[in-house]
Amino acid sequence: MATGTPEPKKRLKCDISLDMEEVEEDAELTSDTDDNDLSISGTLSFDGDFTDSGEDDITTEAGEASRQNPTPRGGRVGSGGRVPQERIQFEVMNARTVKEGHSKYVVYQVHVVKSPGVDTSPAFIEKRYSQFDKLNQCLRKRFPHLLESVAFPKKTLTGNFKSQTIAERSRAFEQYLQHLHSIPQIASCHEFLDFFYLEDMRKGYAMIRAGLYKEAIPSLKNALHLQEKLLGETHDMVLHTHCAIVVAYEALDELWHAQTYSETALKNVKGYLHHSLLVPLLQTHISLCWRLGKDKKNWEAVLHDVAAKGIDVNSGPSLKDLVISKH
């Protein structure tokens, strides 16, 4: 990988806040392609010459073996443990130009694949250059010594919407994320992880607080999918997202879905007596089992054991209250 760190053109605070107004990196740049959206699909390779066909879809063959990297470290539920190391691969599978008023920019769809060749349900995010650039500047400010050899694609004054430029940036973003993820301190830092799922988390929780439960579920499920890839299925963050989905499904009276997610969450938390979610999650799950006509005796026994060990099971907040207070 090429070395050298580009000079940032604008200093930003070290905060990957997706609610902030973004700099329109392409708004004032000259468009030197037609107005058609450009789409790139497949694993990108630039071993040969790349020609601008002028067509809407550009498909390339896979030209590189799967890249191997450890997963980010994260705490198991109720602990500060680390998740097992597994292979994660980042692939830009699509890129399209977007017009908003007088501005124009490119959105890159990145697939996150766990154990390439085995994972059949990759998670994905969509980001524009300015969001990658914000992440890069933030990480270089926090970890300057770790990013000395990590290359980042520079801004250009012209050619930003040419198919070749888009394809080259797509491949560069793949390599950039892969390199970041190979560095344990970065792979586990909140700035890197927030880049993937914070936007969906904020949107999902905001919808729940507004009572828009149906609208909350797609964002929360996409965030959960990304968290499971990057953190592992037993991470505390994953548990919280499971609970938010339970609340949304229960509010919609989709009890089977709510019970399925609550049971999965309980398998990860029931051994941690003092976890804030244990009691309200048990109570919710028992109620869902009763409403569905399912056997709830085992879970009632668990709740009884928790109470017998001195844990208050009567006066605490509900699961919904805890979810609403999050984010």
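Scroll up a little and you will see the structure.
Worth saying up front: this structure is predicted, and the values here are computed from it rather than measured.

Draft legend 1. Fine view of the side chain of glutamine 259. Tracing the chain through its elements places glutamine 259 in helix 7 (residues 255-269). Residue classification places glutamine 259 among the buried positions, given a relative accessible area of 3%. Filtering out sequence-adjacent residues up to four positions away, glutamine 259 remains in contact with His285, Leu288, Cys289, Leu292 and Lys294.

Draft legend 2. Representation of the packing of helix 1 (residues 129-142) against helix 2 (residues 163-181) in the model. Where helix 1 meets helix 2, the closest approach of the two axes is 12 Å, and the angle between their N-to-C directions is 30°. Relative to helix 2, the element helix 1 is oriented roughly parallel. Here the hand of the crossing between helix 1 and helix 2 comes out left-handed. Counted together, Tyr129, Phe132, Leu135, Asn136 and Leu139 of helix 1 and Arg169, Phe173, Tyr176, Leu177 and Leu180 of helix 2 form the full contact between these two elements. Residue classes in the contact of helix 1 with helix 2 are distributed as eight nonpolar, one polar and one charged.

Draft legend 3. Region of the structure containing the nonpolar core. Judged by nonpolar contacts, the single largest core of 73 residues is most densely connected at Phe90, Leu139, Leu177, Leu180, Phe192 and Phe196. Leave out the neighbours within four places in its chain, and phenylalanine 196 touches Phe90, Val112, Ile125, Leu177, Leu226 and Leu230.

Draft legend 4. Seen up close, helix 4 (residues 190-209). For helix 4, with 20 residues, the first-to-last C-alpha span of 24 Å runs short of the 28 Å given by 1.5 Å per residue. The axis of helix 4 is deflected most strongly, by about 60°, at tyrosine 197. Trailing helix 4 by a residue or two, glycine 211 shows a phi angle of about 80°, which is positive.

Draft legend 5. Fine view of the packing of aromatic side chains. Inspection of the entire model under this criterion finds 11 aromatic pairs. Seen from their ring centres, phenylalanine 152 and phenylalanine 173 are 6.0 Å apart, and the 50° between their planes marks the pair as tilted. With a gap of 21 residues between them, phenylalanine 152 in the loop between helix 1 and helix 2 and phenylalanine 173 in helix 2 connect regions that are remote in the sequence. Judged by relative accessible area, phenylalanine 152 falls into the buried class, the value being 8%. An angle of 70° between the planes, with centres 5.0 Å apart, marks the rings of phenylalanine 152 and tyrosine 176 as edge-to-face. On the criterion of sequence distance, the pair formed by phenylalanine 152 in the loop between helix 1 and helix 2 and tyrosine 176 in helix 2 is long-range, its members being 24 residues apart. Both residues of the pair, phenylalanine 152 and tyrosine 176, count as buried. Members of the aromatic cluster, connected to one another through ring pairs, are Phe90, Tyr108, Tyr129, Phe132, Phe152, Phe173, Tyr176, Phe192, Phe195 and Phe196. If you follow lysine 104 out to its NZ or CZ, it ends over the ring of phenylalanine 161, 4.6 Å from the centre. In this structure, arginine 128 is placed above the aromatic ring of tyrosine 105, and the distance from its NZ or CZ to the ring centre is 3.6 Å.

Draft legend 6. Local environment of helix 6 (residues 236-251). When the terminal C-alpha atoms of helix 6 are compared, their 23 Å separation across 16 residues agrees well with the 22 Å that a helix rising 1.5 Å per residue should span. Judged by how many residues are buried, helix 6 sits mostly within the fold: 12 of 16 residues are covered. By the burial criterion, the buried members of helix 6 are Val238, Leu239, His240, Thr241, His242, Cys243, Ala244, Ile245, Val246, Val247, Ala248 and Tyr249. Where the residues of helix 6 are buried, they touch helix 4, helix 5 (213-231), helix 7, helix 8 (278-292) and helix 10 (319-325). Just past helix 6, the residue aspartate 253 takes up positive phi, approximately 65°.

Calculation criteria
- Residues numbered from 1 in each chain as written.
- Predicted model: local features only at pLDDT ≥ 70, side-chain atom pairs only at ≥ 80, totals over all residues.
- Heavy atoms only, no water.
- Helix = DSSP H or I, 4+ residues; strand = E, 2+ residues; numbered from the N terminus.
- Buried < 20%, exposed > 50% of the residue type's maximum accessible area, 1.4 Å probe, protein only.
- Contact = heavy atoms within 4.5 Å.
- Axes fitted to C-alpha atoms, helices over the stretch in contact; angles between N-to-C directions.
- Parallel < 35°, antiparallel > 145°, perpendicular 65-115°, else oblique.
- Left-handed = near helix turned anticlockwise from the far one by under 90°.
- Nonpolar A, V, L, I, M, F, W, Y, C, P; charged D, E, K, R; others polar.
- Core = buried A, V, L, I, M, F, W, Y, C linked by side-chain atoms within 4.5 Å.
- Expected span 1.5 Å × (residues − 1).
- Bend = angle between axes of the 7 residues up to and from the residue.
- Phe/Tyr/Trp six-rings, centres within 6.5 Å; stacked < 30°, edge-to-face > 60°.
- Lys NZ or Arg CZ within 6 Å of the ring centre and 35° of its normal.

Taken by themselves, the reported measurements are silent on function.
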